[in-house]
Amino acid sequence: MNHKELELKSIEYRKTILDIIYKGGAGHTAGSLSCIDILNVLYNNVLNINPNNFKSNDRNRYVQSKGHTVEALYTVLCDNNFFTREELNTLNQFNSHFIGHPTRKVPGVEHNTGALGHGLSVAVGMAIGFKLDNKPYKVYTLLGDGELSEGSIWESLLSASKYKLDNLVIIIDRNGLQITGKTEEVNPIEPLLDKFISFGLCVNQVNGNSVSELDEIFKKIPFENNQPNLIIANTIKGKGISFIENQVVWHHKLPSEEEYNRAIQELNKQLENFK
Amino acid sequence: MTRMAATRDGYGQALLDLASNEKVVVLEADLGKSTKSLHFRKAYPERTFSFGIGEQNMMLGAAGLASSGYIPFASTFAIFTERGFEQVRNGIARPNLSVHLCGSHGGVHTGTDGSSAQSIEDLAIYRTLPNMTILHPCDDVSTRLLTIQLADHDGPSYTRTARNSTPVIYDGREDEIVIGKGIVVNDGNDVAIFACGVALHEAVKACHQLEQEGISVAVIDMHTIKPLDIDMVNKYAEKCGAIVTAEDHSVIGGLGSAIAEHLVKENPTPMEMIGVQDRFGESAQAHEMLELMGITHKDIANACQKVMTRKN
């Protein structure tokens, strides 16, 4: 897709996220909005994962370590025909496979996540597998910034460097907020760039809400041979809806009817302006 | 003269036996020398992955390899597998990935390293996880055979091995060893002892002692804690009407609990449970630890006498 098409997708995806969370009665609104542009570019321009090749081992992998923003993942998977919108509308309902965190019971989901600090280790294992197989595929994983407090993340980074996993692409959704406040107040993680470089990763920073910047940076992978790739994607939590942006409370808040209508109006306006 | 060996040696040998399957990979957390995966590492370094002292990462690295079509065998001390428990729970058992964990140095038999290194709860905690198969063999032959069978086993497993040597009882009896099937080591009518791991050997000694007193004792090796061999439990509950369980593990949640949980529903049977009585270990030699914890053949024999007085 060209960048215009991707931008349009992002607005539509944001509408879907709001819609399924509102109707499902629960969800991680702001985090899904911060990472949706990343998922948009990955699934539409980078990964080449689709319902036809999903069961094959010969394809790229995507592991969503920040599992709680599953609504963003379900939204792009739905748009890529892994399931219908009717199925997705069962989100969080009794007997639905569409539970509030990623599960392999949902078509297109690579690994069960939701407990933070897990996805990167799984991705490291998969990347080692591709190296063993001598296959050219890559493993992409999306981490939250609050998630970086988990010690297992840093265990995984040691292994990623040790095994020279240049087929591993780690994306940090750096929105600066976590459930109880700012990351730098809850448990400071800066200087992040220096930390990752010192762990032996090749690091790039982008505006993680810019589909064009994301698209361009993914084309440059591997950044260096024999080094794991890491992208700090600077994002705005709640991006795209004025009253949700940068508000801690929207981590797991359900929109009221009035808030839902306002959000959809804002997004409809973005669609109109876009056309 | 009875051959002596440690169950962890059976694990090390099994990995070598499995090496012809190119999908088998071995993962370590800096303790391969102790868990005995070092032999595989020496022979197949390209298929051995050391995650350093990072158990959480090792567990899920194994999950990633399993979902890419590999058959990972990951080991560390039993106690340190517990560091990655939530990873096992959410990232291995829940997606039902065929990752095979081995916790060596299980139980108080581990000895001198003291209570920090003696897992007395591993069987209990892994038993609570859906999809998990739990093994605790008593000799190197059965450990080897069961580990080899795991390579074709669907779903995750946890195998507990022990550090110290114990008698080998299954030389030449390899055909009897099957995941999920208890083995009748000695048949009898008056009381049945269900045991696993190092406690099996204490049970055998208790059996010999009791037989000299004219008591007919069945000894059953329950190397598979989960899924429990229910047919075997039912059969000997019916036949003997009195049961003793013996394990180098807490009496809370292990083999004894598993059997009691089953029988209470179908065929309530007088039981005594030999094991660690809700306390932590100490530093001592293996045999001294069994004495301190009341897991010797004498304790098992006494429990047999006691439970028989409660028969209907």
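In this text the structure is predicted, and so the values were computed from the model without any measurement.

**Brief notes about the overall build of chain A**
Logical step 1: Across its full length, chain A carries 10 helices and 7 strands.
Logical step 2: For chain A, the C-alpha radius of gyration of 18 Å lies close to 19 Å, the compact-globule estimate for 275 residues.
Logical step 3: C-alpha atoms of chain A, sized along the principal axes, occupy 50 × 45 × 40 Å.
Logical step 4: Within chain A, contacts between residues separated by at least 24 positions form 75% of all contacts whose residues are at least 6 apart in sequence.
Logical step 5: When the accessible area of chain A is evaluated, it comes to approximately 10,800 Å², of which 47% is carbon and sulfur surface.
Logical step 6: Each charge sign in chain A was given a centre, from 28 positive and 32 negative side chains, and these centres are 3 Å apart.

**Structural notes on the interface of chain B and chain A**
Logical step 1: Opposite the 26 residues of chain B that make contact, chain A presents 25 residues.
Logical step 2: Both faces combined, the contact of chain B with chain A buries some 2,100 Å², and carbon together with sulfur accounts for 52% of it.
Logical step 3: Of all residues in chain B, B:N57, B:L60 and B:S68 give up the largest surface area on contact with chain A, accounting jointly for 24% of the area buried on that side.
Logical step 4: One can count 1 salt bridge joining chain B with chain A.
Logical step 5: For the pair chain B and chain A, the interface holds 10 residue pairs in polar contact (both at pLDDT 80 or more).
Logical step 6: At 9 residues, helix α4 (residues 55-67) of chain B tops the list of elements feeding residues into the side of chain B that touches chain A.
Logical step 7: Along the lines of polarity and charge, the residues of the side of chain B that touches chain A split into 9 nonpolar, 12 polar and 5 charged.

**Points about the packing of helix α1 (residues 3-24) of chain A against helix α2 (residues 29-46) of chain A**
Residue and element names in this part refer to chain A.
Logical step 1: Packing of α1 against α2 brings their axes to within 9 Å, and their N-to-C directions diverge by 135 degrees. By the angle between their directions, the pair α1 and α2 is classed as oblique. Here α1 and α2 pass one another in a crossing that is right-handed. Contacts from L6, K9, S10, Y13, R14, I17, L18 and I21 in α1 reach T29, S32, L33, I36, D37, N40, V41, N44 and N45 in α2.
Logical step 2: Its residues assigned to classes, the contact of α1 with α2 comprises 8 nonpolar, 6 polar and 3 charged.

**Focus on the sheet that holds strand β4 (residues 71-77) of chain B**
All names here are of chain B.
Logical step 1: Strand order in the open sheet formed by 7 strands is β3-β2-β4-β5-β7-β6-β12, with mixed pairing between adjacent strands. The sheet is open, and its two borders are formed by β3 (48-50) and β12 (224-226), each paired with just one other strand. Recorded for the sheet is a direction-independent mean angle of 20 degrees between the axes of neighbouring strands.
Logical step 2: With 4 bridges connecting them, strand β5 (residues 100-104) and strand β7 (residues 157-160) associate as parallel partners. Opposite G103, over in β7, you have R160 as the bridge partner.
Logical step 3: On top of the sheet, α4 reaches β2 (24-28), β4 and β5; it is set at about 170 degrees to β4, its chief contact.

**Notes on the nonpolar core**
Logical step 1: Residues A:L148, A:L168, A:I170, A:F196, B:L27 and B:F194 are the most contacted members of the largest nonpolar core, which totals 73 residues.
Logical step 2: No other element matches the 8 residues that helix α5 (residues 119-133) of chain A contributes to this core.
Logical step 3: Counting residues domain by domain, this core receives three or more from each of domain 1 (4-167) and domain 2 (180-308) of chain B.
Logical step 4: Counting 58 residues, the second largest nonpolar core, distinct from the first, contains A:A30, A:L39, A:Y140 and A:V211.

**Observations regarding the pairing of strand β14 (residues 271-276) of chain B**
Residues and elements named next belong to chain B.
Logical step 1: When you tally the buried positions in β14, you get 5 out of 6 residues, the bulk of the element.
Logical step 2: Bridge count for strand β13 (residues 243-250) against β14 is 5 bridges, and the pairing is parallel. The residue of β14 that forms the bridge with S250 is V276.

**Observations regarding the packing of aromatic side chains**
Logical step 1: Tallied over the full model, the rule gives 16 aromatic pairs over all chains.
Logical step 2: An angle of 80 degrees between the planes, with centres 5.8 Å apart, marks the rings of A:F54 and A:F82 as edge-to-face. Taken together, the positions of A:F54 in the loop between α2 and β1 (61-64) and A:F82 in the loop between α3 (70-79) and α4 (85-88) put the pair 28 residues apart, joining distant regions of the chain.
Logical step 3: By the ring-pair criterion, three or more aromatic residues cluster together here, those being A:Y74, A:F83 and A:F98.
Logical step 4: Taking the ring centre of A:W250 as reference, the NZ or CZ of A:K253 above it sits at 4.8 Å.
Logical step 5: Positioned above the aromatic ring of B:Y70 is the side chain of B:K23, whose terminal nitrogen or guanidinium carbon lies 4.4 Å from the ring centre.

**A closer look at helix α12 (residues 286-293) of chain B**
All names here are of chain B.
Logical step 1: What α12 keeps buried is the set A286, M289, L290 and M293. The arc that holds every buried residue of α12, seen down its axis, measures 100 degrees, which confines them to one face.
Logical step 2: Buried residues along α12 sit in contact with α9 (198-212), β13, β14 and α13 (297-308).
Logical step 3: With its phi angle positive at about 75 degrees, G294 sits one or two positions after the end of α12.

**Side note on the pairing of strand β2 (residues 139-144) of chain A**
All names here are of chain A.
Logical step 1: With 6 of 6 residues buried, β2 is to be regarded as a mostly interior element.
Logical step 2: Burial along β2 is two-sided: the residues V139, T141 and L143 and Y140, L142 and G144 are all buried.
Logical step 3: Judged from the 4 bridges that link them, β1 and β2 form a sheet pairing that is parallel. Each bridged residue has a counterpart across the sheet, and for Q64 the counterpart in β2 is L142.
Logical step 4: Two elements, β2 and strand β3 (residues 168-174), share 6 bridges in a ladder whose sense is parallel. Looking at β3, one finds that L143 is bridged to I172.

Definitions and cut-offs
- Residues numbered from 1 in each chain as written.
- Chains lettered and ligands numbered in written order.
- Predicted model: local features only at pLDDT ≥ 70, side-chain atom pairs only at ≥ 80, totals over all residues.
- Heavy atoms only, no water.
- Helix = DSSP H or I, 4+ residues; strand = E, 2+ residues; numbered from the N terminus.
- Rg over C-alpha atoms; globule rule 2.2 N^0.38 Å.
- Contact = heavy atoms within 4.5 Å.
- Areas by Shrake-Rupley, 256 points an atom, 1.4 Å probe, with all protein chains shown as cover.
- Lys, Arg positive; Asp, Glu negative; His and termini not counted.
- Charge placed at Lys NZ, Arg CZ, Asp CG, Glu CD.
- Buried area = accessible area lost by both parts, 1.4 Å probe.
- Salt bridge = Lys/Arg side-chain N within 4 Å of Asp/Glu carboxyl O.
- Polar contact = N/O pair within 3.5 Å; in protein donor to acceptor, adjacent residues only side chain to side chain.
- Nonpolar A, V, L, I, M, F, W, Y, C, P; charged D, E, K, R; others polar.
- Axes fitted to C-alpha atoms, helices over the stretch in contact; angles between N-to-C directions.
- Parallel < 35°, antiparallel > 145°, perpendicular 65-115°, else oblique.
- Left-handed = near helix turned anticlockwise from the far one by under 90°.
- Pairing = 2+ DSSP bridges.
- Core = buried A, V, L, I, M, F, W, Y, C linked by side-chain atoms within 4.5 Å.
- Buried < 20%, exposed > 50% of the residue type's maximum accessible area, 1.4 Å probe, protein only.
- Domains from an automatic or database assignment.
- Phe/Tyr/Trp six-rings, centres within 6.5 Å; stacked < 30°, edge-to-face > 60°.
- Lys NZ or Arg CZ within 6 Å of the ring centre and 35° of its normal.
- Arc of directions from axis to C-beta.

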